[in-house]
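Below are the chains, spelled out letter by letter.
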Amino acid sequence: MRVSAKSDYALRALIEMASRVDGRAVSAEELGRLQEIPHGFLQAILADLRRAGIVMSQRGQSGGWRMGRPAVEVSVADVIRAVDGPLVSVYGLRPEAVSYNESAEVLQHVWIAARRSLRDVFEQVSIQQLADQKLPKAVTSRTADEDAWQPH
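Let me begin by describing the structure that accompanies this report. (Residues numbered from 1 in each chain as written. Predicted model: local features only at pLDDT ≥ 70, side-chain atom pairs only at ≥ 80, totals over all residues. Heavy atoms only, no water.)

### Some words on the nonpolar core
Counting residues in hydrophobic clusters, the biggest one holds 34 residues, and the most contacted among them are Leu 14, Met 17, Leu 46, Leu 49, Ile 54, Val 79 and Ile 127. For this core, the secondary-structure elements that each account for two or more residues are α1 (5-19), α2 (28-35), α3 (39-51), β2 (64-67), α4 (76-84), α5 (106-122) and α6 (127-132). At seven residues, the largest contribution of residues to this core is made by α1. Once residues within four sequence positions are removed from consideration, Val 79 is found in contact with Ala 10, Leu 11, Leu 14, Leu 49, Ile 54, Val 74 and Ile 127. (Core = buried A, V, L, I, M, F, W, Y, C linked by side-chain atoms within 4.5 Å. Buried < 20%, exposed > 50% of the residue type's maximum accessible area, 1.4 Å probe, protein only. Helix = DSSP H or I, 4+ residues; strand = E, 2+ residues; numbered from the N terminus. Contact = heavy atoms within 4.5 Å.)

The structure is reproduced here in structure tokens:
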């Protein structure tokens with residue numbers, strides 16, 4: 001799996017929003033500056049997140065962007081789906097929609113298992129947990145093994 005810049009930037013912007021204890025809106029300019037996200041790219045990402053109901057924009061003197069739902073209710077999976085679409089796709093199709101001939105049909109099971117594994121992590125981690133830097137044990141346990149850190 002590849003994590004796109006769009007998903008990475010979206011998550012970083014949301015962590016900034018959720019980290020604000022006062023819950024006040026933050027400008028796109030400030031989000032971009034704090035997380036080193038190009039302004040034009042960030043605007044497009046925020047628009048995707050707004051369409052998904054994850055953030056909301058606020059106009060006026062104290063305008064900007066803030067969470068549209070409680071950060072504890074927004075998962076990493078929700079964010080990735082909002083900005084990039086399905087967690088796993090095979091040449092643009094969802095794994096269950098792919099068809100193979102008899103000798104290769106087992107691949108579909110691999111794609112579906114991979115999606116399930118991603119869900120096991122991405123759906124358990126909320127934006128609030130990221131902002132608090134407190135990941136669920138089921139996630140941190142996956143990083144405890146040295147092999148998890150190896151680039152093979």
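Let's pick the thread back up.
### Here we look at α3
Helical geometry note: an α-helix holds 3.6 residues per turn, so side chains three or four residues apart project in the same direction. Relative to the 18 Å expected for 13 residues at 1.5 Å per residue, α3 spans 18 Å between its end C-alpha atoms, a close match to the ideal helical length. When α3 is considered as a whole, its buried residues turn out to be Leu 42, Ile 45, Leu 46, Ala 47, Asp 48 and Leu 49. Trailing α3 by a residue or two, Gly 53 shows a phi angle of about 80 degrees, which is positive. (Expected span 1.5 Å × (residues − 1).)

### Quick word on the packing of α1 against α2
The relative placement of two packed helices is expressed as an angle between their axes plus a distance between the axes. Running from N to C, α1 and α2 point in directions that differ by 110 degrees, and their axes come no closer than 10 Å. As summarised for this structure, α1 and α2 are arranged roughly perpendicular, according to the angle between their axes. Crossing geometry of α1 relative to α2 is assigned as right-handed. Where α1 approaches α2, its residues Arg 12, Ala 13, Glu 16 and Met 17 are matched on the opposing element by Leu 31, Leu 34 and Gln 35. (Axes fitted to C-alpha atoms, helices over the stretch in contact; angles between N-to-C directions. Parallel < 35°, antiparallel > 145°, perpendicular 65-115°, else oblique. Left-handed = near helix turned anticlockwise from the far one by under 90°.)

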